[in-house]
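Here is how the chains run, residue by residue.
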Amino acid sequence: MQIQENISLQPYNSFGIGAKARKFASFKSTEELSAFLTTESKLPLLVLGGGSNILFTKDFDGLVLKNEIKGIKKIDEDDEFVYVQSGSGENWHQFVLLCIENNWAGVENLALIPGCVGASPMQNIGAYGVELKDVFHELKAFHRKEKTNYTFSLNDCDFGYRESIFKRKYKDEFVITSVTFRLRKQPIFNTSYGAIEQELERLTISELSIKAVAEAVINIRSSKLPDPKEIGNAGSFFKNPEINNEQFLILQKEFPGIIGHTLPSGNIKLAAGWLIEQCGWKGYRKGDAGCHAKQALVLVNYGNAKGDEIYNLSEAIFQSVKKKFGVMLEREVNIV
Ligand SMILES: Cc1cc2nc3c(=O)[nH]c(=O)nc-3n(C[C@H](O)[C@H](O)[C@H](O)COP(=O)(O)OP(=O)(O)OC[C@H]3O[C@@H](n4cnc5c(N)ncnc54)[C@H](O)[C@@H]3O)c2cc1C
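Calculation rules
- Residues numbered from 1 in each chain as written.
- Predicted model: local features only at pLDDT ≥ 70, side-chain atom pairs only at ≥ 80, totals over all residues.
- Heavy atoms only, no water.
- Helix = DSSP H or I, 4+ residues; strand = E, 2+ residues; numbered from the N terminus.
- Buried < 20%, exposed > 50% of the residue type's maximum accessible area, 1.4 Å probe, protein only.
- Lys, Arg positive; Asp, Glu negative; His and termini not counted.
- Salt bridge = Lys/Arg side-chain N within 4 Å of Asp/Glu carboxyl O.
- Contact = heavy atoms within 4.5 Å.
- Pairing = 2+ DSSP bridges.
- Axes fitted to C-alpha atoms, helices over the stretch in contact; angles between N-to-C directions.
- Near = heavy atom within 4 Å.
- Polar contact = N/O pair within 3.5 Å; in protein donor to acceptor, adjacent residues only side chain to side chain.
- Areas by Shrake-Rupley, 256 points an atom, 1.4 Å probe, with all protein chains shown as cover.

### Comments concerning the side chain of lysine 269
Inference 1: Mapped onto the fold, lysine 269 is located in strand β16 (residues 268-270).
Inference 2: Within the buried set, lysine 269 has no salt-bridge partner at all; the shortest N-O distance to an opposite charge, 5.9 Å, is to glutamate 131.
Inference 3: Beyond its immediate sequence surroundings of up to four residues, lysine 269 is in contact with Tyr161, Asn240, Pro241, Glu242, Ile259, Gly260, His261 and Leu263.

Listed below in structure tokens is the structure:
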């Protein structure tokens, strides 16, 4: 339980931003976490998983606590499901691979998302037609001030599109310490989204399996998204914005190529990447801050960009989309 001072956060965030933390430590258990919260109670606190959904715009004048709570175990089962509990500091993709090895189905479409298990409920991670809420059973979280453990069921978490109660009502109140997943013994394949079916065909898979689906997802993601080890980024910088059908029809008249899909509510979810591309940002670069050449939704650090340069670029993108389409983008990445 050692606290370091004046530590560069560059290795700890996928944007590769060289902001500094006044204090830095890691915790391996709820008890260690509780001890830090007691001894350092006066300092601002930031809990960090893999740092793949965060943009540091300045040094952090407080304590950064890196989550290293480990351990994955099957805790229960019934005829249909296995219930698997994971420490929140486990790497998400390694967790997915372990599920595939054990034939526990449900997370295969979420392969290769960077970060830790503990952050997965924060924004209800999603990809290729599946969201965390589809496999979620419950989580345990430690209240930062009360220093007590709470259990949250699916309903308690108020999951939405890249949203949960922990990003809104309970922002900065809890540290998630474990997540329990409800995984299927018999898979229900979800291959209709994106290019999964084409990729499965290309792979000439003879029998569909969760391993094959994960392989297809991994191949597609690797070909489309920049690897943070090569170019700093945090995946999609903005959420896909939602507008009502009336607004959509007006926009469609002026911009016939506009991409949107209808939600069960009747509202339309627009492709933020398309809006940003139409404003001419795709491939844009100023200094080391840029908008990725293949995917306009991904802002990138080509090397030594400062966090505020990336943030300013996101602001310019926000303003231009607002001006051209009258649509307000919302940042998905957590700004610190
Ligand atoms: C290349 C790339 C592709 C991506 N693709 C996707 C995608 O397809 N779908 C998707 O949903 N996301 C995607 N992301 C975003 C990111 O991977 C996820 O949001 C991931 O869950 C973040 O995990 P993390 O551990 O890195 O979180 P961090 O960045 O460390 O933290 C994110 C936020 O959660 C808080 N937090 C972290 N852990 C805890 C905890 N245990 N308790 C309380 N608060 C906590 C942090 O304080 C911070 O506010 C992508 C990112 C990259 C770089």
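### Describing the sheet that holds strand β5 (residues 60-67)
Inference 1: What the four strands build is an open sheet, ordered β1-β2-β5-β3; its pairing is mixed. In this open sheet, the two edge strands, each paired with only one partner strand, are β1 (4-8) and β3 (45-48). Neighbour to neighbour, the strand axes of the sheet diverge by 40° on average, direction disregarded.
Inference 2: By the bridge criterion, four bridges tie β1 to strand β2 (residues 20-27) in an arrangement that is antiparallel. In the strand pairing of β2, glutamate 5 is matched with lysine 23.
Inference 3: The strands that helix α1 (residues 30-39) touches are β2, β3 and β5; relative to β2, the one it contacts most, it runs at about 145°.

### Thoughts on unusual backbone geometry
Inference 1: In the Ramachandran plot, asparagine 6 falls in the positive-phi region, its phi being about 55° despite a non-glycine side chain.
Inference 2: Examined against the element boundaries, asparagine 6 turns out to sit in strand β1.

### Brief notes about the sheet that holds strand β19 (residues 298-301)
Inference 1: The strand order across the open sheet formed by four strands is β13-β19-β18-β17, and the pairing between neighbours is antiparallel. Where the open sheet ends on each side, the last strands, each with one partner, are β13 (232-236) and β17 (285-286).
Inference 2: Pairing of β13 with β19, which is carried by three bridges, proceeds in the antiparallel orientation. Residue asparagine 233 lies in a different strand from β19, and its bridge partner there is valine 300.
Inference 3: The strands touched by helix α8 (residues 307-325) within the sheet are β18 (289-291) and β19, with β19 carrying the most contacts at an inclination of about 150°.

### Here's the deal with the site of the ligand
Inference 1: Taken together, 33 residues form the shell around the ligand, and within it Val47, Gly49, Gly50, Ser52 and Arg221 come nearest.
Inference 2: One of the backbone N or O atoms of asparagine 53 is found 2.8 Å from an oxygen atom in the ligand.
Inference 3: Within the backbone of glycine 126, one N or O atom sits 2.8 Å away from a nitrogen atom of the ligand.
Inference 4: Considering the ligand on its own, with 980 Å² of exposed area, one finds that the protein chains cover 93% of that surface.
Inference 5: Contributions of two or more residues to the shell around the ligand are made by β3, β8 (126-127), β12 (174-184) and β13.

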